[in-house]
Amino acid sequence: KLPLSAAESIARNPGKTIFNPLFLYGASGVGKTHLANAIGLKVKELYPEKRVLYVSAHLFKVQYTNSVRNNVLNDFINFYQSNDIQEFVGVTKTQNTFFHIFNHLHQNGKQLIMTCDRPPVMLQGIEDRLITRFKWGLTAEIERPNLELRRSILVEKARRERIALDSDVLEYIAENVTDSVREL
């Protein structure tokens, strides 16, 4: 409930809540990226003039490496100053660039949302100054869904797909598919 409440608040007032940055963590398949995208979509719905950018840490790392290789680092930095974090582990120069971009965006009231498979304190190989910044706002875990939530998800998915799902089948799936919403 905490990540959802924070997400709704951020969507209504991006960059103007105490949830900046929002650091969402949890196992693969629990909905971190889904929630981050939902925030962006709601922001675009409420504030069509705002720019929303979703970028994975992997893409950020690749773009950074290419900008250094092609000697256009300033273009790269300018693009991000006008987003999974564990990809930065052990990549010092990428972390350094991300640090400066993070500071610039945060100081200018831009909303930052990051996702990861573990909390900031468990990120070995990430510079302390980044860990500190990740904890400035709200760090929230998205847990695996409990049985009741798995049932609700299945009912909603069946409704959306117009699938008639027998209650015994629904119950069997909800009780046995426990690791990931994707698997449901």
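Engineer: Any chance you could break down the sheet that holds strand β2 (residues 113-116) for me, citing the residues and the numbers?
Structural biologist: In space, the 3 strands of this open sheet follow the order β2-β1-β3, with parallel pairing throughout. If you trace the sheet from one side to the other, it starts and ends with β2 and β3 (138-141), each paired once. Adjacent strand axes in the sheet meet at a mean angle of 20°, parallel and antiparallel pairs treated alike.

Engineer: Please provide a residue-by-residue account of the nonpolar core, values included.
Structural biologist: Phe23, Phe98, Leu123 and Phe134 are the most contacted members of the largest nonpolar core, which totals 18 residues. Within the residue set of this core, elements represented by two or more residues are β1 (22-25), α3 (57-69), α5 (92-107), β2 and α6 (128-134). In terms of nonpolar packing, the next biggest core, distinct from the first, is built from 16 residues, Leu22, Leu35, Val43 and Leu138 among them.

Engineer: Could you give me a rundown of the pairing of β3, with the residues and numbers involved?
Structural biologist: Side-chain alternation along β3 places Leu138 and Ala140 on a buried face and Thr139 and Glu141 on a face that remains uncovered. Bridge analysis of β1 against β3 gives 4 bridges, and the strand direction is parallel. Within β3, the residue paired with Leu22 across the bridge is Leu138.

Engineer: Outline the packing of aromatic side chains, listing residues and values.
Structural biologist: For the coordinates displayed, the defined rule picks out 5 aromatic pairs. Judged by centre distance (6.0 Å) and plane angle (55°), the rings of Phe102 and Trp136 are tilted. With Phe102 in helix α5 and Trp136 in the loop between α6 and β3, the pair connects residues that are 34 residues apart, well separated along the chain. When its relative accessible area of 41% is taken as the criterion, Trp136 is described as partly exposed. Ring-pair connections join several aromatic residues into one group, and the members of that group are Phe23, Phe98, Phe102, Phe134 and Trp136. Cation over ring: Lys50 sits above Tyr47, and NZ or CZ is 5.7 Å from the ring centre. Looking at Arg129, its charged tip hangs above the ring of Phe99, at a distance of 3.8 Å from the centre.

Each value, and the rule that gives it
Residues take numbers from 1 onward in each chain, read along the sequence in its written order. Local features in this predicted model are restricted to residues whose pLDDT is 70 or higher, and side-chain atom pairs enter the listing and the counts only when it is 80 or higher, whereas totals over whole chains, interfaces and linings include all residues. Excluded from the side-chain calculations are hydrogens and water; all other atoms, namely the structure's heavy atoms, are used. Paired strands are those between which DSSP finds at least two bridges. In this description a helix means any DSSP run of H or I spanning at least four residues, a strand means any run of E spanning at least two, and both kinds are numbered starting from the N terminus. Lines fitted to C-alpha atoms define the axes, with helix axes restricted to the stretch in contact, and inter-axis angles between N-to-C directions lie between 0 and 180 degrees. By nonpolar core is meant a set of buried Ala, Val, Leu, Ile, Met, Phe, Trp, Tyr and Cys residues that side-chain atoms within 4.5 Å join together. Burial classes follow relative accessibility: with a 1.4 Å probe on protein chains only, a residue under 20% of its type's maximum area counts as buried, one over 50% as exposed, and anything between as partly exposed. Between rings of Phe, Tyr and Trp, where Trp is taken as its six-membered ring, a pair exists when centres lie within 6.5 Å; planes separated by under 30 degrees are stacked, by over 60 edge-to-face, and by other angles tilted. Charge-over-ring placement is defined geometrically: NZ (Lys) or CZ (Arg) within 6 Å of the ring centre, and within 35 degrees of the ring normal.

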